[in-house]
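Residue-level structure breakdown
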Amino acid sequence: MMSIGKAVVRTDGRAKVTGQAIYVDDLRPEGCLYGATVRSERAHARILGIDLDPSFDWTDITVVTAEDIPGENVVALMTDDQPVLVDGECRHVMEAVALVAAPTRERALQAAHRVQVRYEELPVLLDPAQAENSPIHIFGTDNVFKRLVIDRGTSTGMGVVHKATYHTSLAEQLYIEPQGMLAIPEKDGSLTIIGSLQCPYYIHKALKRVLGHSRFHVVQAVTGGGFGGKEEFPSMVAAHATLLAIKSGRPVKMIYRRDEDLRASTKRHPAIIQITSECTPEGELLSWDARIIVDGGAYNTLTPVVLSRLVLHVTGPYRIPKVHLEGVAVATHTPPNGAYRGFGAPQAQWAVERHMDRIARELGIDPLELRRKNLLKDGDLTATGGVLHDTAAFLVLEEALEAARAPLLQRAPPPGAGIAHWKRGRGLALAFHGCGFTGNGESWLKGKAALELVGSDLRILTGSTDIGQGTDTIFPQIVASELGIPVERVSMAPHDTAQVPDSGPTVASRTTMVVGSVVQSCAKKLRLALQAETGLASNNFAELLAARNSDAVLKVEHVYEPDASIRWNDADYSGDAYPTYGWSANIVDLEVDPDTGEIRYLRLVTATDVGRAIHPVLVSGQIEGGALQALGWANLEEVVRDQHGCMRNDRLTNYIIPTSLDAPEMVTRLIEVPYAAGPFGAKGVGELPLDAPAAAAAAALEQALGLVLDDLPMTPERVLLAMERGHAA
Amino acid sequence: MLASNAPVYTAKTLAQALQLRADHPEAVLLAGGTDVMVFLEADRLEAPAFLNLWGCEGLHGISEDGRKIGALCTWAELKEHPALPMALRACARTVGAAQIQARGTVGGNIANASPAGDSLPLWLAADARFTLQSLRGRREVAASDFFLGYRKTALAADEILVDIQLPVQKGELYYKKVGTRLAQAISKVVLGAYVHQEGGVVRELRVALGAVAPVPLRCRALEEALVGGPVRPELAALVHQDIRPIDDVRSSAHYRAKVAENILRTWLGSLRGC
């Protein structure tokens, strides 16, 4: 009966593989109109007018501007700085100025082209390094979204100092299914919002403000990937579809084309990270000073939280007695950056791992030995003074090293590669990742879930969505295993705000660990309720069920109870920043063509501490998928912008992500050091796979070519330039 | 956008195709559609009409000796054909990915004349001849005379590319595509080359590059410097006399130039002692 640890059939698998799964664009309610967005073409401008081309036939077109918003013109999230539609002044290119809806998609796009926006250009700020002292104000008087300082001592003045600056680049989440929402006005005056999304209650919260009422519900359609890109951005798309639906009185579907999606949607925050470290001549770390600038774009969105996670991971999985960390997130006139799997931690650990390699290089120490000297273990303190438990840094490292001893698979050379004098290299990088929300986030959030007994079957009700990662498969495993019944008897309620409670957003590597534990508690409560109802003391679910006299639906709900062993002080940023951490070791083997700077990944070995692998195949898939995203970030993905800050390479032929042919052999080892408060010991693992592979690739490249690259992305163009400079020096 | 109200004329035979081409010179030729559909979706094609050649008889097939290739042959057919030069088969395998290879045609790649067209330098290097036909008759044009300017070819408004002919080769064809990833990659630099050596002396040499100028082109300065003498890889830098790469959203002029020189030097180096 225990399905934990077994690769049960994923519940969404058959429908997706056979093409039966219904995505939002597959829905065509009667009378449905298609929406399109008119967007700003200036980075910063006053809108002087929005004119409809008189030569165009507007009779079947619905047009919406900021004036049509019944409630507040705001995308409610952390702060209220971002409008649903530009009202007076645009602050980045591709900002939504007006909306149109038409009976066909083509006509909607034509109409959008015939809406003419008149601008008065205003001064533009694009460089995050200039933002704080700029006379141009985007946010407040200093363009600072958030500043964070963690000060637990400074340099001892006794050690060897290493100092360098590292840059990370923008990156697109690149979910397979573009952003899409459908808003349907119902006969009773309410609204149904269906779409591709991660967080139904984010949209609910945002729409309430836009509409000024809550007579609507939000439903998740089958969602083709999110990776953070469908955390906060869908609130905007939902608001737009809803405004058009209200004005037209018809269902309105808003589906982004890929080019629009790439230009308009959020990206990973680029970061500039300067690290000054101090260590003994033998490489034992003494102090660590990090200064971080993060570019948030024109609006706050989730930037302060990204900065916070970045700062909390900028010491890496290492024990450092004295740390001084200062991060600032600033505003620029560029499209807002937002959530992307890893949420600041990949940026931080790119810099940390590159810096560890720098120390090793300059001290003449083996990078592996340097890491072994400084790795965190149980009882060590984090940068915020939290005491670590259930660590696995050494375990994952030794496991990865063992796995990497196997010879590389022989692969046929790729077609068209011709003659190349490939240079091989191997690199190592380590990471840790705080599971769940930062600090007291989970305590404030109070994530809820519910469980229903209907006949002899069970139904789980959560707002946590399955976006491809497998939530709808593993939650039933958790309930079935707790109650000792076959997993087939447990199903999931639709992720519909009219039916399910707010479990908190599907983000932050929290769904399995945090919401999964709430779901497990629901199962325990249900057993208690049955015991009370039947008067039986038995723990056997079948016996309890058999003793039941009633057919009534039995429903229990549970609210997240914070792990009592966790202490966090938000005022001075001290204590346990996260309930626990996942740990990861990565070894990349690659080869590089010195003629072209092209990298071919041969093998990626990962060893990852997941606490408990509830579904080993799904979790391995998550690790491998995340790792491939990280490898693409390392050497392929580059957002090219024009002088207005608009993405120019807005197609999949020129925003280059790895294909399956570019994926290396993946050796994926799972380590299980349980977290006591997680369901069956599970930790969060969604984001950890993105944290270290890029740095491992950089280390491998360093070994292959003798080049040190400290900035992402390491595109062939940059590799070749670095080789030329190297030769010149 | 993908919806288009333009009329589509479909030719079942070569005779029909030539008649339709003469009657509708404004029509955009449609074969596998792997370029046309992308242009339509990106709003980059104003097509008053289409002339659909997909399935048209008389434009298919590869001769048994591999010397004649019908314009409508797909990359999937080319990559499997045992008589074709290995370089050409390798090229076929680099085009797009399996789906594109199943639809994309050799003739489409040539007639579309993208500077980054994956196969174009190979035709120049192989000294291929293109057969062009109209109601007025047939003519042959050397590959090196076919590409006139950015997406401009020697095809007249009433002509259709019928087949490609490869001459008998004494030497070896070479192909290298630099596209940054292994599938769905658009060339940043693409090299097609042919060399015939005798006793350590280069007798014939044709070096052609794509994606480094508005047209795929021969590197004449390098060819002239090497023919009649030994292979000298150090002369690879002569390539800069012929190419005119640009900065664009995919790459930089500097990268393209440097890579063109590097991959030529490596190829020439591999020829020593042959």
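Residues numbered from 1 in each chain as written. Chains lettered and ligands numbered in written order. Predicted model: local features only at pLDDT ≥ 70, side-chain atom pairs only at ≥ 80, totals over all residues. Heavy atoms only, no water.

In this section: the overall build of chain B. Summing up its helical and strand segments, chain B has 10 helices and 13 strands in all. Taken against the 2.2 N^0.38 rule, which gives 19 Å for 274 residues, the C-alpha radius of gyration of chain B at 19 Å falls within 12% of a compact globule. Dimensions of chain B along its principal axes, counting C-alpha atoms only, are 55 × 40 × 30 Å. Within chain B, the fraction of its 274 residues that count as buried is 58%. Expressed as a percentage of contacts within chain B between residues at least 6 apart in sequence, the contacts between residues at least 24 apart total 57%. (Helix = DSSP H or I, 4+ residues; strand = E, 2+ residues; numbered from the N terminus. Rg over C-alpha atoms; globule rule 2.2 N^0.38 Å. Buried < 20%, exposed > 50% of the residue type's maximum accessible area, 1.4 Å probe, protein only. Contact = heavy atoms within 4.5 Å.)

What follows concerns the nonpolar core. Among the nonpolar cores identified, the biggest contains 142 residues, and W288 and M714 of chain A together with L209 and W267 of chain B are the most heavily contacted of them. If one sorts the elements of this core by residue count, helix α10 (residues 253-271) of chain B sits on top with 9 residues. (Core = buried A, V, L, I, M, F, W, Y, C linked by side-chain atoms within 4.5 Å.)

What follows covers the pairing of strand β13 (residues 271-279) of chain A. All names here are of chain A. Pairing geometry for strand β8 (residues 160-168) and β13, over 9 bridges, is antiparallel. By the bridge assignment, K163 is partnered in β13 with T276. Both β13 and strand β14 (residues 285-295) contribute to a ladder of 9 bridges, which runs antiparallel. Across the sheet, A271 pairs through a bridge with V294, a residue of β14. The turn joining β13 and β14, which pair antiparallel and follow one another in sequence, is formed by 5 residues; a positive phi near 100° is taken by G283. (Pairing = 2+ DSSP bridges.)

Every contact between the two is made by 35 residues of chain B and, on the other side, 36 residues of chain A. Our enumeration of links across chain B and chain A arrives at 4 salt bridges. Residue D43 of chain B pairs with R257 of chain A through a salt bridge whose shortest N-O separation is 3.5 Å. Taken together, the links from chain B to chain A amount to 19 residue pairs in polar contact (both at pLDDT 80 or more). (Salt bridge = Lys/Arg side-chain N within 4 Å of Asp/Glu carboxyl O. Polar contact = N/O pair within 3.5 Å; in protein donor to acceptor, adjacent residues only side chain to side chain.)

Right, let's talk about the packing of helix α8 (residues 345-363) of chain A against helix α9 (residues 367-374) of chain A for a bit. Residue and element names in this part refer to chain A. Packing of α8 against α9 leaves a shortest axis separation of 9 Å and a crossing angle of 110°. In terms of orientation, α8 and α9 fall into the roughly perpendicular class. Note that α8 runs across α9; the crossing there is right-handed. Between α8 and α9, the residues in contact are E353, M356, D357, I359 and A360 and P367, L370, R371 and N374, respectively. (Axes fitted to C-alpha atoms, helices over the stretch in contact; angles between N-to-C directions. Parallel < 35°, antiparallel > 145°, perpendicular 65-115°, else oblique. Left-handed = near helix turned anticlockwise from the far one by under 90°.)

It is worth spelling out the domain arrangement of chain B at this point. Residues and elements named next belong to chain B. Along its sequence, chain B is carved into domain 1 (8-112 + 129-165) and domain 2 (173-271). Taken over C-alpha atoms, the centre of domain 1 sits 25 Å from the centre of domain 2. Between domain 1 and domain 2, the residue contacts involve 14 residues of the former and 11 residues of the latter. In total, domain 1 and domain 2 occlude about 910 Å² of area from one another, counting both sides; carbon and sulfur atoms represent 66% of this. Viewed at the interface, domain 2 and domain 1 are joined by 0 salt bridges. One can count 2 residue pairs in polar contact (both at pLDDT 80 or more) joining domain 1 with domain 2. (Domains from an automatic or database assignment. Buried area = accessible area lost by both parts, 1.4 Å probe.)

Note on helix geometry: an α-helix contains 3.6 residues per turn, so any two residues three or four positions apart are oriented the same way. All names here are of chain A. Buried within α9 are the following residues: L368, L370, R371 and N374. Projected onto a plane normal to the axis of α9, the buried residues spread over an arc of 160° and lie on a single side. Its side-chain oxygen 2.9 Å from the backbone nitrogen of L368, D366 forms the N-cap of α9. (Arc of directions from axis to C-beta.)

Below, the discussion takes up the packing of helix α12 (residues 471-483) of chain A against helix α13 (residues 511-534) of chain A. All names here are of chain A. Where α12 contacts α13, the axes come no closer than 9 Å and their chain directions differ by 35°. Crossing angle aside, the handedness with which α12 passes α13 is right-handed. For the pair α12 and α13, contact is made by T471, I474, F475, I478, V479, E482 and L483 and by T511, T512, V515, G516, V519, Q520, A523, K524, L526 and R527, respectively. Within the contact of α12 with α13, the residues separate by chemical class into 9 nonpolar, 5 polar and 3 charged. (Nonpolar A, V, L, I, M, F, W, Y, C, P; charged D, E, K, R; others polar.)

What follows deals with the state of the cysteines. Tallying each qualifying case throughout the model produces 0 disulfides over all chains. With no disulfide partner, C646 of chain A has as its closest neighbouring cysteine sulfur the one in C90 of chain A, 12 Å distant. (Disulfide = S-S within 2.5 Å.)

Residue and element names in this part refer to chain A. Strand order in the open sheet made by the 3 strands is β4-β2-β6, with antiparallel pairing throughout. One side of each edge strand has no neighbouring strand; the edge strands of this open sheet are β4 (89-90) and β6 (115-121). Note: strand β2 (residues 45-52) against β6, 7 bridges, orientation antiparallel. Bridging across to β6, I50 finds its partner in V117.

What follows concerns the domain arrangement of chain A. Residue and element names in this part refer to chain A. Domain annotation for chain A reports domain 1 (30-122 + 179-255), domain 2 (271-410 + 419-438 + 573-728) and domain 3 (441-561). Taking only C-alpha atoms into account, the centre of domain 2 sits 35 Å from that of domain 3. Contact with domain 2, which involves 23 residues of that partner, is made by 21 residues of domain 3. At the boundary of domain 2 with domain 3, total buried surface from both sides reaches about 1,600 Å², with 70% on carbon and sulfur atoms. The interface formed by domain 2 and domain 3 contains 0 salt bridges. At the surface where domain 2 touches domain 3, the tally comes to 5 residue pairs in polar contact (both at pLDDT 80 or more). When grouped by side-chain class, the residues that make up the side of domain 2 that touches domain 3 number 11 nonpolar, 9 polar and 3 charged.

What follows deals with the pairing of strand β24 (residues 598-609) of chain A. All names here are of chain A. In terms of burial, β24 is largely enclosed, as 12 of its 12 residues are buried. When strand β23 (residues 581-593) meets β24, the two strands line up antiparallel, connected through 11 bridges. Its bridge partner being in β24, N586 is matched across the sheet by T606. Taking the residues between adjacent antiparallel strands as the criterion, β23 and β24 are bridged by 4 residues, where G597 takes a positive phi near 75°. Taking the sense of rotation as the criterion, the β-α-β connection linking β24, helix α15 (residues 616-635) and strand β25 (residues 665-671) turns out right-handed. (Right-handed = clockwise from strand over helix to strand, strands pointing away.)

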